[in-house]
Amino acid sequence: MPLTRRDLIKRAGAAGLVAGWPGLSLAQSGGGILRMPPLVDATTSRAFDLLARTGETNFLGQSATSTWGFNNQTFLGPTLRLAHNSLTKASVRNGVSEPFSLHWHGLEIPGQADGGPHQPIATGATWAVDLNIDQPPATVWYHSHTHLRTADHVQKGLAGVIQLTDGRDDERGLPSDYGTDDLTLVIQDRRFDRSGRAVYDPGMHDRMMGFTGDVILVNGQYGAQAVVPKGIVRLRLLNGSNARIYNLASRAGRTLHMVSTDTGFLDRPIAIDSLQLAPGERAEVLLDFSDGTSDMLVSSSIANGGMMGGGMMGGGMMGGGMMGGSGGSFDILPISVDPSRRARIDRIPEGIGGTMPDLDIRGASRRDIALQSGMGGMFRRRRNQHSINGNSFEMDRLNFSVQRGATEIWAIDGQNMAHPFHVHGVRFQVLSENDGPVSSRNSGWKDTALVNRRAEIAIRFDQPAPASTPFMFHCHILEHEDGGMMGQFSVV
Ligand code: C2O
Ligand code: CU
Ligand code: CU
């Protein structure tokens, strides 16, 4: 039974969660201050431990939900800060009741370390793995990638953020004080039952379109507000939702200065009014709060001719506080400025010094990838409604093999839905979208890109992946992935 807006108002009132509700100023909101995930800095130790554990999380101030998290968290995991060129030793222990695999989404490391579905960790077992990292600084992430269970596990909380750093953000003029002027924001939507428990019970429609919820959590918190210093603030955004696509903007009309896409800095900031972020994607943006006025990070619905994986947005949608009532836009996160704190950075840098993608595609071979969902002929297999090039994912079938060092062009056809297409073990360049130019949000290095009808991407395969631990390529709408819209390839 979905919550009505009225229910949520009552509930929020009881819990003191009123941030963003029209007529109440942010200063009066009682939703609490947004917390960052705990920071685990492994840049010098070059080692970290993750313990997956069960717990109870009370999201709405009503009934608690059984959730999974890592280390001290009952939901989600710490932010791991790793050197961008390091051999870092990871230890992942499974303290939950079923096996899971843990994938490093965005790390360019060999298949044996990738944590895909061929590497489940049994309950009680520990996976020790060397992460041999050598790639540009970026915000990447980790999440369960368990065969047929990824969507469920990510809903439960098996996910977290990784910062790959070279320690040179001061030279770039970028804010880097964790939780102060450099905010990590994991954006997720959830459904709640009448008692306030998060529920994940995908029906046929959810399996077809992707499971979306009507309540927004940021870092696992509902109704919290961020407080920032006066000046330039960096937001590291991760869409950790199963299926919802956001189109993020500042309600006060602040420009978003995008400085990084999924897997690396841009050469210079790109000024945009809104940022579309599909499941699995990350972006870093700078906002200028030097005028001291508060703001609201909002998401509007996306104008898209086809059926959107994110489903309809608008009426009934609950933001970080309550939906303001204007159709098509909902709240993600209220942001207020503490005027007594001055930010370290007071202007948007002119250059960031990142490398824009420029792969040599002469002689690159082409591959056609058709992402297919549902509709006619797809219910042959009980669980696998989705497929790629006519095949639903099967653990023991390798789709193809790629030569190590080769560059390929993949022509992706999303058919009648928008699908966030992701490839493991690589970063890629978007060459065209619907036979036209590449949108600014896809102009940097990517590992996940929303394919709304057609896109061409160029990929150079530098990391090896044997057939026993191949790389995955899939739609990052997790119900599509678990439903078979995934394939696997070796790099030899
Ligand atoms: Cu983020 Cu194969 O996944
Ligand atoms: Cu991945
Ligand atoms: Cu999809």
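The text that follows walks through the structure, step by step, so that each part is easy to find. Please read these numbers as outputs of a predicted model, since none were measured by experiment.

**Examining the packing of aromatic side chains**
Next, step 1: According to the stated counting rule, one finds 19 aromatic pairs in the structure shown.
Next, step 2: Ring-pair connections join several aromatic residues into one group, and the members of that group are Phe400, Trp410, Phe421, Phe461, Phe471, Phe473 and Phe489.
Next, step 3: If you follow Arg191 out to its NZ or CZ, it ends over the ring of Phe211, 3.8 Å from the centre.

**Considerations on the nonpolar core**
Next, step 1: Counting residues in hydrophobic clusters, the biggest one holds 32 residues, and the most contacted among them are Leu185, Leu237, Leu275, Ile332 and Leu333.
Next, step 2: A total of five residues in this core trace back to one element, the largest contributor, which is strand β21 (residues 329-342).

**Brief notes about unusual backbone geometry**
Next, step 1: Residue Arg46 is not a glycine yet carries a positive backbone phi of 55°.
Next, step 2: Relative to the helices and strands, Arg46 resides in the loop between β1 (39-41) and β2 (47-57).
Next, step 3: Backbone geometry at Asn389 places phi at a positive 50°, although glycine is not the residue there.
Next, step 4: Here Asn389 lies in the loop between β23 (386-388) and β24 (400-402).

**Overview of the coordination of the copper ion (ligand 2)**
Next, step 1: For the copper ion (ligand 2), every protein donor is listed as His103 (NE2) and His422 (NE2), and the spread of their distances is 1.9 Å. Here His103, found in strand β6 (residues 102-105), pairs with His422, found in strand β25 (residues 407-423); they are 319 residues apart in sequence, far enough to count as distant.
Next, step 2: On the basis of relative accessibility, which here comes to 1%, the residue His103 falls in the buried class.

**Some remarks on the coordination of the copper ion (ligand 3)**
Next, step 1: Around the copper ion (ligand 3), the protein supplies His419 (ND1), Cys475 (SG) and His480 (ND1) as donor atoms, at distances of 2.0 to 2.1 Å.
Next, step 2: We note that the donor set of the copper ion (ligand 3) lies within a single chain, spaced as H-x55-C-x4-H. On the criterion of sequence distance, the pair formed by His419 in strand β25 and Cys475 in strand β28 (residues 471-475) is long-range, its members being 56 residues apart. Cys475 matches His419 in its accessibility class, with the two residues each being buried.

**Describing the pattern of salt bridges**
Next, step 1: The final tally for this structure, using the stated rule, is 32 salt bridges.
Next, step 2: A salt bridge links Arg172 to Asp169; the nearest nitrogen and oxygen atoms lie 2.9 Å apart. In this pair, Arg172 and Asp169 both sit in helix α3 (residues 169-172), three residues apart, roughly one turn of the helix. Neither residue differs from the other here; Arg172 and Asp169 are each classed as buried.
Next, step 3: Its salt-bridge partner being Asp447, residue Arg282 comes within 2.6 Å of it at the nearest N-O pair.

**Observations concerning the sheet that holds strand β15 (residues 246-250)**
Next, step 1: Read across the open sheet, the five strands follow the order β13-β21-β20-β15-β18; overall the sheet is mixed. Looking along the sheet, the strands with just one partner apiece sit at the ends: β13 (226-230) and β18 (274-277). On average, each strand axis in the sheet is inclined to that of its neighbour by 30°, with strand direction left out of account.
Next, step 2: When β15 meets β18, the two strands line up antiparallel, connected through four bridges.

**Considerations on the sheet that holds strand β7 (residues 126-134)**
Next, step 1: Read from one edge to the other, the open sheet built from four strands follows the order β3-β2-β5-β7, with strand pairing classed as mixed. In the strand order of this sheet, the two ends are held by β3 (65-70) and β7, each with one partner. Going from strand to strand, the sheet's axes swing by 20° on average, the running direction of each strand aside.
Next, step 2: Summarising the sheet, β2 and β3 pair through six bridges and their orientation is antiparallel. Following the sheet pairing, Thr57 is matched in β3 by Thr65.

**With respect to the side chain of Thr57**
Next, step 1: If you trace the backbone, Thr57 turns up in strand β2.
Next, step 2: Looking at Thr57, its side chain comes within polar contact range of the side chain of Thr74, at 2.7 Å.
Next, step 3: Sequence-distant contacts of Thr57, that is, excluding residues within four places in its chain, are made with Ala64, Thr65, Thr67, Thr74 and Phe75.

**Structural notes on the pairing of strand β19 (residues 282-288)**
Next, step 1: Of all seven residues that make up β19, six are buried, and the element is covered over most of its length.
Next, step 2: Sheet topology note: the strand β14 (residues 232-239)/β19 ladder contains seven bridges and is antiparallel. Counterpart to Leu235 in the pairing with β19 is Val285.

Each value, and the rule that gives it
- Each chain has its residues counted from 1, running along the sequence as written.
- All chains are assigned letters beginning with A, and all ligands numbers beginning with 1, in the order in which they are written.
- With pLDDT at 70 or above as the cut-off, local features in this predicted model cover only qualifying residues; side-chain atom pairs require 80 or more to be listed or tallied, and sums for whole chains, interfaces and linings still use all residues.
- Calculated side-chain values reflect all of the structure's heavy atoms, with hydrogen atoms and water omitted.
- Only rings of Phe, Tyr and Trp enter the pairing, Trp through its six-membered ring, and a pair is recorded when the two centres are within 6.5 Å. The plane angle decides the type: under 30 degrees is stacked, over 60 is edge-to-face, the rest tilted.
- Counting as a charge over the ring demands two things of the Lys NZ or Arg CZ atom: a distance within 6 Å of the ring centre and an angle within 35 degrees of the ring normal.
- The nonpolar core is taken to be a set of buried Ala, Val, Leu, Ile, Met, Phe, Trp, Tyr and Cys residues, with the residues joined through side-chain atoms within 4.5 Å.
- Think of it in three bands: with a 1.4 Å probe and only protein chains considered, a residue is buried below 20% of the maximum accessible area for its type, exposed above 50%, and partly exposed in between.
- Numbering goes from the N terminus for both helices and strands, where a helix is a DSSP run of H or I of at least four residues and a strand is a run of E of at least two.
- Note that water is not among the atoms used; donors are N, O and S atoms within 2.8 Å of the metal (3.2 Å for Na, K and Ca), so sites may look incomplete.
- Salt bridges are counted wherever a side-chain nitrogen of Lys or Arg sits within 4 Å of a carboxyl oxygen of Asp or Glu.
- Strands qualify as paired when DSSP identifies two bridges or more between them.
- The axes used here are C-alpha line fits, helices contributing only the stretch in contact, and every angle between their N-to-C directions lies in the interval 0 to 180 degrees.
- Polar contact is defined as a pair of N or O atoms within 3.5 Å, subject to the rule that within protein one atom must be able to donate a hydrogen and the other to accept it, and that residues adjacent in sequence are counted only when both atoms are side-chain atoms.
- Contact definition: two residues touch when any of their heavy atoms are within 4.5 Å.

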